[in-house]
Amino acid sequence: VIPLQHTGGDEFALAAARVSSQGIEALESLDPEHAAKARGTINALMRQRHGSPFEHGYATFYVHAPLFIWEEIKRHRHMPFDHDDLSLSQESARYKEIEPTFWIPERSRPMLVPDEYKAMRPRFLETDDGTYETVRYELTYAYSIAYDAYRNMIERNVAREVARAALPHGIYASGWVSGNPRALLNFISLRTHDEQATYVSYPQAEIEDIARQIEEFLAQHWPVTYETFQKNGRVAP
Ligand SMILES: Cc1cc2nc3c(=O)[nH]c(=O)nc-3n(C[C@H](O)[C@H](O)[C@H](O)COP(=O)(O)OP(=O)(O)OC[C@H]3O[C@@H](n4cnc5c(N)ncnc54)[C@H](O)[C@@H]3O)c2cc1C
């Protein structure tokens, strides 16, 4: 994840909330120092889930992730995204050939299904060396067959939009993800695991890694919003 831009800090949430009672005078709240002093107001907005004041900022991130994680990201309808790889936007389907970069889990990534596995609360065990080698071997083998098929079709001048059907879920794609703080908090709330959260979520490790990096950025640039999100059980407003 690479942050590309951001705009509208905590003071925009504060001023947007105050416009209802202060009209044009709310513009005086457009100062980060006011937001820091008015954390009580921002906390009340967060606690009572008055979400719209948190929609006046914006951030954009470059994300490089396997296709199966892009499918999860795309479920967040309030986080617009724009793929520039893998034919998910028509333009790149015509002009870009796909690089053979594939996802292989790290040895330390838990991936063995325990006896007490629960679908709604999935947790996995660390794997042994032999099983990990099998995972690595099988994924590498499947990827190489799939990518060879893709290349064969490209070399025969088959349209990329047809040849891409051979590409596996484990191939990496890059794209841009943007959202306002409210949408980003919803993403963070659902895509991170925190035992202290009011609603504990069980996301896949690879999307959690992305969400944690976005969380760090949000904490840095919307410190009061983030502080009150934490204080109120990581429930998105
Ligand atoms: C751990 C986990 C497991 C999951 N497993 C599955 C699964 O097995 N199968 C599956 O299909 N999905 C699954 N999902 C995806 C999940 O159902 C959501 O689609 C996804 O998390 C996006 O959340 P969202 O709708 O809140 O986000 P957004 O689309 O960004 O929406 C934000 C908020 O806007 C409001 N909103 C948006 N659209 C509408 C609408 N049309 N009507 C009313 N209100 C709306 C809602 O309040 C929503 O919370 C899973 C998600 C998680 C975190």
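Reading the values: the criteria
Residues numbered from 1 in each chain as written. Predicted model: local features only at pLDDT ≥ 70, side-chain atom pairs only at ≥ 80, totals over all residues. Heavy atoms only, no water. Pairing = 2+ DSSP bridges. Helix = DSSP H or I, 4+ residues; strand = E, 2+ residues; numbered from the N terminus. Core = buried A, V, L, I, M, F, W, Y, C linked by side-chain atoms within 4.5 Å. Buried < 20%, exposed > 50% of the residue type's maximum accessible area, 1.4 Å probe, protein only. Contact = heavy atoms within 4.5 Å. Axes fitted to C-alpha atoms, helices over the stretch in contact; angles between N-to-C directions. Parallel < 35°, antiparallel > 145°, perpendicular 65-115°, else oblique. Left-handed = near helix turned anticlockwise from the far one by under 90°. Nonpolar A, V, L, I, M, F, W, Y, C, P; charged D, E, K, R; others polar.

As for the pairing of strand 2 (residues 58-66)
At step 1: The sheet contact formed by strand 1 (residues 2-7) and strand 2 spans five bridges and is antiparallel. Across the sheet, residue Gln5 finds its bridge partner in strand 2, namely Thr60.
At step 2: Here strand 2 runs beside strand 4 (residues 172-179); their pairing, made up of eight bridges, is antiparallel. Bridge assignment links Phe61 to a residue of strand 4, and that residue is Val177.

Brief notes about the nonpolar core
At step 1: By size, the foremost hydrophobic cluster in this structure holds 47 residues, and its most contacted members are Val63, Ile73 and Ile210.
At step 2: By residue number, the principal contributor to this core is helix 9 (residues 205-221), which donates six residues.
At step 3: Setting aside residues up to four positions removed in sequence, Val63 forms contacts with Val1, Trp70, Ile73, Ala173, Ser174, Gly175, Val177 and Ile210.

Here we look at the packing of helix 8 (residues 181-191) against helix 9
At step 1: Where helix 8 contacts helix 9, the axes come no closer than 9 Å and their chain directions differ by 140°. Considering the angle they form, helix 8 stands oblique to helix 9. When the axes of helix 8 and helix 9 are compared, the crossing they make is left-handed. Contacts between helix 8 and helix 9 involve Pro181, Leu184, Leu185, Phe187, Ile188 and Arg191 from the first element and Ile207, Glu208, Ile210, Ala211, Ile214, Glu215 and Leu218 from the second.
At step 2: Residues of the contact of helix 8 with helix 9, tallied by class, amount to 10 nonpolar, no polar and three charged.

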